[in-house]
Amino acid sequence: MSVSHPLLKIFKATLLELYNQDGKIYDTNLRLVPFCRTLEDILRQGLNTNHGHWFSKSDYWTLFNKFCEKAGPGPYHLMKYVKDNQKACSEQGRGRLFLRACLVKKDLASIIRKLRDDKPFLEMWYDPATSILNNDILSEIFLSLLAEVQKIPFSLYLKNASFLDDTWEMSEYRDYEFVPCEVLGVHLRYINTHLVVTDIDPESVAAEDGKVHIGDVMDELYTESLRGAKRGRVRDLFQLYKGMPVYVSFIKARLPDGQIYRPISRLLRQLDLDLSLVGSQGKYAADVQDGQISTRKPAHALLQEEEQDEIPVHGPDGKAEFTVVYRGAYPLGEDGRVDRIHDSIESVTNDRGRRKEVVKIEMTETGVEVRRLSDSELLLNHSYTEVSACGRRTDMLLFFGYIAGETTCNMAKDFKCYIFETDDQAEAKIILCSIAQGFERTHWFL
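Residues numbered from 1 in each chain as written. Predicted model: local features only at pLDDT ≥ 70, side-chain atom pairs only at ≥ 80, totals over all residues. Heavy atoms only, no water.

Going by an unreviewed UniProt entry, the chain carries the name RUN domain-containing protein and comes from Elysia crispata.

What follows is the structure in structure tokens.
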């Protein structure tokens, strides 16, 4: 009677497909994902997930992390590499990065064998009735297959790790060197910890040779990871290395077969970006005035003095809700640029005939709501996708405003600037940052 397991049969089949490939195995190899998924399934088979933190389940990364701490210096370099990596943020992402590193360094078989031989540790983590690793016969079959894995020349780009939290699938990763320049010419929006290229300035350095395209994710600048980068970090790095060649890395939006990389496709849908522009260099629609870049559809644009600080997005009571005076709206037509806040505040405050109302302005999960304080009647309700900008004047810091259209910014034809007054400059600053951070999207220009 033969002893086997369905996952081992699948693993053997995917291994054979890779084994029969000519040359090195790169990230874009279509047979790589089924192989990695099956490897992950084997490691999770019968795994006790109750070793995690209070509010999370443990995964095989937790297992390897604990085991390598116990096992000593052997695999320490791999563990340190994964722990120091800023791109894989979840237990799943770190586990996947660890497995990829093991495949490249050919350490997987030796680590698994050491783990299998540590019976007391194995008993703590794996159910002997259902697991492969805690079964003498099945684990030996698995180790024999891993011995064959060692013979496969994996050439995986470990820098390509920013989407491992979500998927095993990999898009192309490109490292570029551009000539020293004052402005690179790419427009970026921040969404779910990633910087997405939304436009490219024609005839700019970034537009040369058609290297960078709309939808690409800027992943590194001067070898520093940009995943989860704070607002202004991109510009800080650009200024720090001013006068030097620009070294920047991108995760490409389109796969070699022309399809949009699925994790990036999800980001683009959240940004309401025209998918027909993905993979192109687009049509630059920004205006340049007095050296400042503005566009019709940035998520927000704060004044320079507000970009320098770490600003809380909630008031002292923990709520993003404030009592202010609503001064009125100023029509802007098709022009929803941040620059229009300046003249809108002046026009509204100079109109003595406008009615002032005391209101509650609240930044919810999905948008901005304004209610009359006396009877709670809803006066304004704008989703964050309708808001194109927010800001205030440096000479009138008690007044602030936001610009919103009648629909999403990229389709709106009727923008208005809504002006408010507060008796506290710091509170106005907090409100603006609450609006800006609420939709977790930022328009940057580099």
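**Side note on the overall build of the chain**
Within the chain, the regular secondary structure consists of 12 helices and 16 strands. Taken across its 446 residues, the chain has 51% of its residues classed as buried. When contacts within the chain are restricted to residue pairs at least 6 apart in sequence, long-range pairs at least 24 apart make up 69% of them. As displayed, the chain has an accessible area near 21,100 Å², and 50% of this comes from carbon and sulfur atoms. (Helix = DSSP H or I, 4+ residues; strand = E, 2+ residues; numbered from the N terminus. Buried < 20%, exposed > 50% of the residue type's maximum accessible area, 1.4 Å probe, protein only. Contact = heavy atoms within 4.5 Å. Areas by Shrake-Rupley, 256 points an atom, 1.4 Å probe, with all protein chains shown as cover.)

**Observations regarding unusual backbone geometry**
Working note: non-glycine residues mostly have negative phi, and peptide bonds are mostly trans. The backbone of Thr223 shows a phi angle near 65°, a positive value even though the residue is not glycine. Taking the relative accessible area as the measure of exposure, Thr223 reaches 68% and is therefore exposed. Of note, Ser376 is a non-glycine position whose phi angle comes to about 65°, a positive value.

**Brief notes about the environment of Gln21**
With respect to the helices and strands, Gln21 occurs in the loop between α1 (6-19) and α2 (32-44). For the pair Gln21 and Ile152, spaced 131 residues apart in the sequence, the C-alpha separation amounts to 9.1 Å. In contact with Gln21, other than residues within four places in its own chain, are Asn29 and Arg31. Here Asn29 takes part through its side chain, which lies 3.2 Å from a polar atom of the side chain of Gln21. (Polar contact = N/O pair within 3.5 Å; in protein donor to acceptor, adjacent residues only side chain to side chain.)

**Topic: the sheet that holds strand β15 (residues 415-421)**
Taken in spatial order, the 7 strands of this open sheet run β12-β11-β10-β9-β15-β14-β13, and their pairing is antiparallel. A strand with exactly one partner marks an edge of an open sheet, and here the two such strands are β12 (378-383) and β13 (387-393). When strand polarity is set aside, the average angle formed by the axes of neighbouring strands in this sheet is 30°. (Pairing = 2+ DSSP bridges. Axes fitted to C-alpha atoms, helices over the stretch in contact; angles between N-to-C directions.)

**Some points on the environment of Leu268**
Structurally, Leu268 can be placed in helix α10 (residues 262-270). Distance from Leu268 to Asp216, taken between C-alpha atoms, is 10.0 Å for residues 52 residues apart in sequence. In this structure Leu268 touches Val196, Gly215, Ile260, Leu273, Leu275 and Val278, once residues within four positions along its chain are discounted.

**Some details on the packing of helix α6 (residues 108-117) against helix α8 (residues 136-149)**
The geometry of α6 relative to α8 is characterised by a closest axis approach of 9 Å and an angle of 165° between their N-to-C directions. When the axis of α6 is compared with that of α8, the two are roughly antiparallel. Crossing angle aside, the handedness with which α6 passes α8 is left-handed. Every residue of α8 that contacts α6 at Leu108, Ala109, Ile112, Arg113 and Arg116 is listed here: Asp136, Ser139, Glu140, Phe142, Leu143 and Leu146. Residues of the contact of α6 with α8, tallied by class, amount to 6 nonpolar, 1 polar and 4 charged. (Parallel < 35°, antiparallel > 145°, perpendicular 65-115°, else oblique. Left-handed = near helix turned anticlockwise from the far one by under 90°. Nonpolar A, V, L, I, M, F, W, Y, C, P; charged D, E, K, R; others polar.)

**Section: the environment of Leu133**
Tracing the sequence through the fold places Leu133 in the loop between α7 (119-125) and α8. Relative accessible area serves as the criterion here: at 1%, Leu133 is assigned to the buried category. Taking the C-alpha atoms as reference points, Leu133 and Arg116, 17 residues apart in sequence, are found 6.2 Å from one another. Contacts of Leu133, omitting those with residues within four sequence positions, involve Leu43, Ile112, Leu115, Arg116, Leu122, Tyr126, Ser139 and Phe142.

**Notes on the side chain of Asp107**
Looking at where Asp107 falls in the secondary structure, it is placed in the loop between α5 (91-105) and α6. Put simply, Asp107 is tucked away with no salt bridge, and the nearest opposite charge, on Lys105, sits 7.7 Å away. (Lys, Arg positive; Asp, Glu negative; His and termini not counted. Salt bridge = Lys/Arg side-chain N within 4 Å of Asp/Glu carboxyl O.)

**A short note on the nonpolar core**
Within the largest apolar cluster, 55 residues are counted, with the highest numbers of intra-cluster contacts made by Phe98, Phe142 and Phe154. Of all the elements in the fold, those that place two or more residues in this core are α1, α2, α3 (60-71), α4 (76-84), α5, α6, α7 and α8. When residues in this core are grouped by element, the largest group, 7 residues, is from α2. Ignoring anything within four residues of it in the chain, the contact list for Phe154 reads Leu18, Ile25, Leu32, Phe35, Leu103, Val104 and Val149. Core analysis: the second largest hydrophobic core is formed by 25 residues, Phe178, Tyr190, Ile200 and Leu221 among them. (Core = buried A, V, L, I, M, F, W, Y, C linked by side-chain atoms within 4.5 Å.)

**Digging into the side chain of Asp219**
By secondary structure assignment, the location of Asp219 is in strand β4 (residues 217-221). With relative accessibility at 2%, the residue Asp219 sits in the buried group. A distance of 2.7 Å separates the side chain of Asp219 from the side chain of Tyr173, its partner in a polar contact. Apart from the residues lying within four places of it in its own chain, the contact partners of Asp219 are Lys87, Lys159, Ser162, Tyr173, Glu224, Ser225, Leu226, Arg227, Ser249, Phe250 and Ile251.

**Considerations on the pairing of strand β9 (residues 321-333)**
Direction of pairing for β9 relative to strand β10 (residues 357-363): antiparallel, over a ladder of 6 bridges. Note that in β10 the partner of Thr323 across the bridge is Lys360. Sheet topology note: the β9/β15 ladder contains 7 bridges and is antiparallel. Bridge assignment links Tyr330 to a residue of β15, and that residue is Cys417.

**Notes on the packing of aromatic side chains**
Going through the model one piece at a time under the given rule, you end up with 18 aromatic pairs. With a centroid separation of 5.2 Å and an interplanar angle of 25°, the aromatic rings of Phe11 and Phe35 are classed as stacked. Of this pair, Phe11 sits in helix α1 while Phe35 is found in helix α2, placing the two residues 24 residues apart along the sequence. Between Tyr176 and Phe178, the ring centres sit 6.0 Å apart and the planes meet at 55°, which makes this aromatic pair tilted. In this pair, the class of Tyr176 matches that of Phe178, namely buried. Following the ring pairs from residue to residue traces out a cluster consisting of Tyr326, Phe400, Tyr402, Tyr418 and Phe420. (Phe/Tyr/Trp six-rings, centres within 6.5 Å; stacked < 30°, edge-to-face > 60°.)

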